[in-house]
Amino acid sequence: MKKYTLSFALLTFALMTISFSLQAQTSVLSMELNTNWEFRQTGTTAWLPATVPGTVHTDLLNNKKIEDPYYRLNERSIQWIDKVNWEYRTSVNLSAEMAQKQNIAMEFEGLDTYADVFINDQLVLSADNMFRTWTIDVKNHLKQGKNQIRILLKSPVVIGLQKQEALGFGLPAANDQSVLGGLGSNPVSVFTRKAGYHFGWDWGPRLVTSGIWRKVHLKAWDSQKIESIHIVQSSLGAKSAVLKAEIEITALQEGKQEITVKVNNIIASSQLINMQKGTHIYPVDFEIKNPKLWWPNGLGEQILYTVTAVLGTDQAVADSKSVQTGLRTVKLIRNPDADGKGESFYFEVNGRPVFMKGANYIPNDVFLPRVTPEKYETVVKTAAQSNMNMLRVWGGGVYEDDLFYDLCDKYGILVWQDFMFACSMYPGDPAFLDNVKNEAIDNVKRLRNHPSIALWCGNNEIETMWAQWDEKAGWGYKQLYNAQQREIIWNAYDAVFHHILPDAVKDFAPDQAYWHSSPSAGFEKLASYETRSGDMHYWGVWHGLHPFSDFRKYKARFMSEYGFQSFPEFKTVQKYTIPSDYDIESEVMASHQRSGIGNLRIKQYMTEDYKIPADFEQFLYIGQVLQAEGIKMAMESHRQAMPYCQGTLYWQINDCWPVASWSSMDYYQRWKAVQYFARDAYKNSIISTIEENGKIKVFGISDLLTPQKGLLNIKLIDFQGITLWEKTLKAQLPANSSNVIFETDTTELLSLVGRTKCMMVTTFESGKNVIDTDYHFFAKVKDLKLTDPVITLDIQENSDAFSVTIHTVDLAKNLFLTSTNSEVQFSDNFMDILPGQSVTVTCPRSIGIEEFKSGLKYLTVNQTGK
């Protein structure tokens, strides 16, 4: 074996100077089969144009056979679509070159879900899992020239009902909207390996899709083909990274063959192997000198390496395949506490503990093929811009598109990856379990090289839902079944989450962590709001009607879910309503709210802290401010609890349709107030003020490895800008932790003024840099003696942006800028602007300045609820 020494400088030079493809010319031929498709409802005669990748619903919409499912109540009238069968067809012209290859395979990256594939009227595949890649040998079914491809998509609802009948009893599926679907109390989603949210969730509609939802390829080759590459880190140090490429190869016959591994197109290793017949793994060792590490967002660069395996010589390449990866270590650390009463739960990246700041992530649309690369980039870039370093891919959606993980690699966003199981119990028959096993292997192998993958998690909330080890705990489902049924249900759970899934991770990504359920306090330990180990989903605020202040009360080792709802902004609501719907209790507004208590729950919390606006648009705006203030309190409380708490992931960053929900940006990717607040709360270094037990405390919080010395300035001002009290002192932000850096009695501080007439402004400066500024109010917003702020706007333009300078005489509370005639995102929004202060924000320029001026408007808390 020949090994080559590669330095980072050499690899960087190679990337800068090489303009040709990193992938060697290969004898494997490939073509996409994504054009000239038609579809019809089975039993009808008219074939209509279809889009692949796509869905039945979107094809019907594109052909004007149904109305927009997201508009008003249209969802209700199209529930028939999931109860009938559909057919797709196209033709394929097989070239002589491809026909002469010894092997021809058809690869479906995604079939949704029960799909019979026919080639020239011969059945070649019966697929039954949306999450799997299906590859079939079609050499003996295709002929040179024209071939017919037809796919029969069977109703997942009809098959689900049949499977439920065969089992003899139904299974719990907490969020399946079966009544809306016309099925009564028959939630059949659990019987099909398909995205659970398609059957409805408490933030999503019930639109059960079918379709060819990912790309289709035809591939042809002769004797050898590379199936996969797994990059294994044997050791990683400052001077050397010792690596192994585990190359999975399928060969038709035995023989010697050369394998070359390239890193950024520079040869790293080459060896002659004894190729065996069949599919086998061949390890190739290589080394990178002076490696550059991949770091999470905010802590360093995201250096990526392209590793290419070439099978054969330069003159005769049988196949080649490339993967991109980063060099880093990620470990889940669970060490017992000194008192033996708890256990840590944190991620160590490249040898240092990292506090995880982020959100939960759901699919960006019910109709997944509509999610463009630009939409994917916007959501991941938003996470990075918001100073996040982790997204949790939630288990009721899908294993995301490759592009999503590429973007997480690019932007430094670690991924907590759920397997696709959520809030339900599942069947345990051999066929189902085997299907799950293959699904897990497919996706672990597909995603394991991404440096962004931090954790695989078995499921969302099922352990706490069923609560096997506590008869009184859980959501009340297990009490609905007799002893024999409960045993059947639990055995299925145990097989999937304690054996099949962890085995898949251990066998195919052994360096990656597996966590059996979220939340959990540990194996056979149910999570609660008091547990001191594992992760927590805290829903006391919202579902439990706890006050926002309880975000400070309940601290977790890792808070993987919590949240509060808001409405999207008015111009989003206008897209799915008409003026007669402008009431939170209207039928349309209620339909675009899937948490049954939702709209009135928002109003209930709003009443506690804000004056209720009579104006509908103002009500939506105050709802966003309410959500932002509540979630900001939670995020900062979790960071204040470092290092006991080492992660905070709010629910949720995005939406799959226009709706009132827990999201921080709406379906159209417009930032809500909480997105701006998260960006500030998730900065590497912040100060955070709380008031408790008669004391004012200022926390200094930092994710950096070195302490930051500086000056802490604290002012008490009134809403007209008069300074009532001021103090400056030396202070230090701790290294990768949280400490109280200032404390005083509240009564002493407020001796000169009432609570409703002042605010505290705290600034921490290090050198000439302002690290953070924090505002604290001493009364509920509804009780503050706010006045007309007297706002003026100065709008300027340059070649590609507008700048808006906002000046206020008195305090402007949560000023919100919006444009009614252009789609822009302002650099900052929902701001508290201090008396006499001028603040300048920018936005991209897309229209003329006079038109922009005419559509610009603002709202403040000062002007609402009067």
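These numbers come from a predicted model, not from an experiment. (Residues numbered from 1 in each chain as written. Predicted model: local features only at pLDDT ≥ 70, side-chain atom pairs only at ≥ 80, totals over all residues. Heavy atoms only, no water.)

### Thoughts on the packing of helix α14 (residues 598–609) against helix α15 (residues 616–640)
Phase 1 of the analysis: Contact pair α14 / α15: the axes reach a minimum separation of 10 Å and the direction vectors enclose 75°. Our classification of the angle between α14 and α15 gives roughly perpendicular. The residues of α15 that touch α14, namely those facing Ile602, Lys603, Tyr605 and Met606, are Phe619, Ile622, Gly623 and Leu626.
Phase 2 of the analysis: Here the contact of α14 with α15 is composed, by residue class, of six nonpolar, one polar and one charged. (Axes fitted to C-alpha atoms, helices over the stretch in contact; angles between N-to-C directions. Helix = DSSP H or I, 4+ residues; strand = E, 2+ residues; numbered from the N terminus. Parallel < 35°, antiparallel > 145°, perpendicular 65-115°, else oblique. Contact = heavy atoms within 4.5 Å. Nonpolar A, V, L, I, M, F, W, Y, C, P; charged D, E, K, R; others polar.)

### Focus: the packing of aromatic side chains
Phase 1 of the analysis: Within the structure shown, the criterion is met by 55 aromatic pairs.
Phase 2 of the analysis: Each member of the aromatic cluster is reached from another via a ring pair, and the members are Tyr529, Tyr538, Trp539, Trp542, Phe548, Phe551, Tyr554, Tyr562, Phe564, Tyr605 and Trp662.
Phase 3 of the analysis: One residue, arginine 193, lies across the ring of phenylalanine 421, its end atom 4.0 Å from the ring centre.
Phase 4 of the analysis: The cationic tip of lysine 225 hangs over the ring face of tryptophan 221; the distance from NZ or CZ to the ring centre is 5.2 Å. (Phe/Tyr/Trp six-rings, centres within 6.5 Å; stacked < 30°, edge-to-face > 60°. Lys NZ or Arg CZ within 6 Å of the ring centre and 35° of its normal.)

### Here's the deal with the pairing of strand β24 (residues 390–393)
Phase 1 of the analysis: By the alternation rule, side chains of β24 split into Met390 and Arg392 and Leu391 and Val393, which are all buried.
Phase 2 of the analysis: Strand direction decides the pairing type here: strand β23 (residues 356–361) and β24, joined by four bridges, are parallel. Counterpart to asparagine 360 in the pairing with β24 is arginine 392.
Phase 3 of the analysis: The β-α-β motif built from β23, the intervening helix α6 (residues 373–385) and the parallel element β24 has right-handed crossover chirality.
Phase 4 of the analysis: Looking at chain direction, β24 and strand β25 (residues 414–418) are connected through four bridges and run parallel. Along β25, the bridge assignment pairs leucine 391 with valine 415.
Phase 5 of the analysis: Handedness of the crossover is the feature at issue here: the chain leaves β24, passes through helix α7 (residues 402–411), returns alongside β25, and the resulting connection is right-handed. (Buried < 20%, exposed > 50% of the residue type's maximum accessible area, 1.4 Å probe, protein only. Pairing = 2+ DSSP bridges. Right-handed = clockwise from strand over helix to strand, strands pointing away.)

### Focus on the sheet that holds strand β11 (residues 145–154)
Phase 1 of the analysis: Reading across the sheet, the six strands line up as β5-β4-β6-β11-β8-β9 and stay open at both edges, with antiparallel pairing between neighbours. In this open sheet, the two strands that pair with only one neighbour each are β5 (48–50) and β9 (122–128). Across this sheet, the average inter-strand angle for adjacent strands is 30°, counted without regard to direction.

### As for the pairing of strand β32 (residues 695–702)
For a regular strand, side chains alternate in direction, first toward one face of the sheet and then toward the other.
Phase 1 of the analysis: Counting buried residues along β32, seven of its eight residues qualify, which places the element largely inside the surrounding structure.
Phase 2 of the analysis: Pairing between strand β31 (residues 685–692) and β32: eight bridges, direction antiparallel. Directly across from glutamate 692, in β32, lies its bridge partner lysine 695.
Phase 3 of the analysis: The turn joining β31 and β32, which pair antiparallel and follow one another in sequence, is formed by two residues; a positive phi near 50° is taken by asparagine 693.
Phase 4 of the analysis: With eight bridges connecting them, β32 and strand β35 (residues 737–745) associate as antiparallel partners.

### Structural notes on the state of the cysteines
Phase 1 of the analysis: Within the structure shown, the criterion is met by zero disulfides.
Phase 2 of the analysis: Of all cysteine sulfurs, the one in cysteine 457 lies closest to cysteine 408, which takes part in no disulfide; the gap is 17 Å.
Phase 3 of the analysis: Cysteine 423 supplies the cysteine sulfur nearest to cysteine 656, a cysteine that is in no disulfide, at a spacing of 15 Å. (Disulfide = S-S within 2.5 Å.)

### With respect to the sheet that holds strand β37 (residues 769–777)
Phase 1 of the analysis: If you walk across this open sheet you meet the four strands as β34-β33-β36-β37, and the pairing is antiparallel. The open sheet has two edge strands, β34 (723–733) and β37, and neither has a second partner. Shown here is a sheet whose adjacent strand axes are inclined to one another by a mean of 15°, direction ignored.

### With respect to the environment of alanine 245
Phase 1 of the analysis: Along the chain, alanine 245 falls in strand β14 (residues 240–251).
Phase 2 of the analysis: Of the residues examined, alanine 245 reaches a relative accessible area of 1% and is grouped as buried.
Phase 3 of the analysis: Taking the C-alpha atoms as reference points, alanine 245 and serine 228, separated by 17 residues in sequence, lie 9.9 Å from one another.
Phase 4 of the analysis: Once you skip the residues sitting within four places of it in the chain, alanine 245 turns out to touch Ile229, His230, Ile231, Val261, Tyr282, Pro283, Val284 and Phe286.

### Regarding the side chain of aspartate 718
Phase 1 of the analysis: You can see aspartate 718 is positioned in strand β33 (residues 708–718).
Phase 2 of the analysis: Lysine 757 provides the closest opposite charge to the buried, unpaired aspartate 718, separated from it by 9.3 Å.
Phase 3 of the analysis: At a separation of 2.9 Å, a polar atom in the side chain of aspartate 718 contacts the main-chain amide nitrogen of glycine 721.
Phase 4 of the analysis: Among the polar contacts made by the side chain of aspartate 718, one reaches the main-chain amide nitrogen of isoleucine 722 at a distance of 2.9 Å.
Phase 5 of the analysis: Filtering out sequence-adjacent residues up to four positions away, aspartate 718 remains in contact with Leu724, Lys757, Cys758 and Pro835. (Lys, Arg positive; Asp, Glu negative; His and termini not counted. Salt bridge = Lys/Arg side-chain N within 4 Å of Asp/Glu carboxyl O. Polar contact = N/O pair within 3.5 Å; in protein donor to acceptor, adjacent residues only side chain to side chain.)

### Some words on unusual backbone geometry
Phase 1 of the analysis: The peptide bond linking serine 518 to proline 519 adopts the cis configuration, its omega dihedral lying at 5°.
Phase 2 of the analysis: In this structure, proline 519 sits in the loop between β27 (513–515) and β28 (536–537).
Phase 3 of the analysis: Omega for the peptide link from tryptophan 651 to glutamine 652 comes to 10°, which places this bond in the cis form.
Phase 4 of the analysis: Relative to the assigned elements, glutamine 652 resides in the loop between β30 (647–650) and α16 (673–681).
Phase 5 of the analysis: Its identity as a non-glycine residue notwithstanding, leucine 545 has a phi of 60°, on the positive side.
Phase 6 of the analysis: Mapped onto the elements, leucine 545 comes out in the loop between β28 and α11 (550–553).
Phase 7 of the analysis: Residue leucine 545 is classed as partly exposed on the basis of its relative accessible area of 39%.

### Re the pattern of salt bridges
Should the charged atoms of two oppositely charged side chains come close, the side chains can pair.
Phase 1 of the analysis: Here the structure, examined in full by the defined rule, presents 44 salt bridges.
Phase 2 of the analysis: The partner of glutamate 343 in a salt bridge is arginine 334, and the shortest N-O contact between them spans 3.0 Å.
Phase 3 of the analysis: Between lysine 632 and glutamate 636 there is a salt bridge whose closest N-O contact spans 3.4 Å. Of this pair, lysine 632 and glutamate 636 both sit in helix α15, four residues apart, which is roughly one turn of that helix.
Phase 4 of the analysis: The buried category is assigned to glutamate 636, whose relative accessible area is 8%.

### Regarding helix α5 (residues 156–167)
Phase 1 of the analysis: Over its twelve residues, α5 runs 16 Å from end to end, which matches the ideal 16 Å to within 8%, given 1.5 Å per residue.
Phase 2 of the analysis: Pro156, Val157, Ile159, Gly160 and Gln164 are the residues of α5 that are buried. What you see down the axis of α5 is that its buried residues fit within an arc of 160°, all on one side. Among the exposed residues of α5, those pointing more than 90 degrees away from its buried face are Glu165 and Ala166.
Phase 3 of the analysis: Those residues of α5 hidden inside the fold are in contact with β8 (114–119) and β11.
Phase 4 of the analysis: One or two steps after α5, the chain reaches glycine 168, where phi turns positive at roughly 100°. (Expected span 1.5 Å × (residues − 1). Arc of directions from axis to C-beta.)

### Topic: the confidence of the model for the protein
Phase 1 of the analysis: Model confidence for the protein is summarised by a mean pLDDT of 95, while 97% of its residues fall at 70 or above.
Phase 2 of the analysis: The low-confidence segment residues 13–24 (pLDDT under 50) makes 16 contacts with residues lying over four places distant or belonging to another chain. (pLDDT = per-residue confidence, 0-100.)

### Considering the packing of helix α8 (residues 430–447) against helix α10 (residues 483–508)
Describing two packed helices takes the angle between their axes plus the distance from one axis to the other.
Phase 1 of the analysis: Contact geometry for α8 and α10: axes closest at 9 Å, N-to-C directions at 35°. α10 is crossed by α8, and the crossing has right-handed handedness. Facing α8, whose interface residues are Leu433, Val436, Lys437, Ala440, Ile441, Val444 and Lys445, α10 presents Ala495, Val496, Ile500, Leu501, Ala504, Val505 and Phe508.
Phase 2 of the analysis: Its residues assigned to classes, the contact of α8 with α10 shows twelve nonpolar, no polar and two charged. (Left-handed = near helix turned anticlockwise from the far one by under 90°.)

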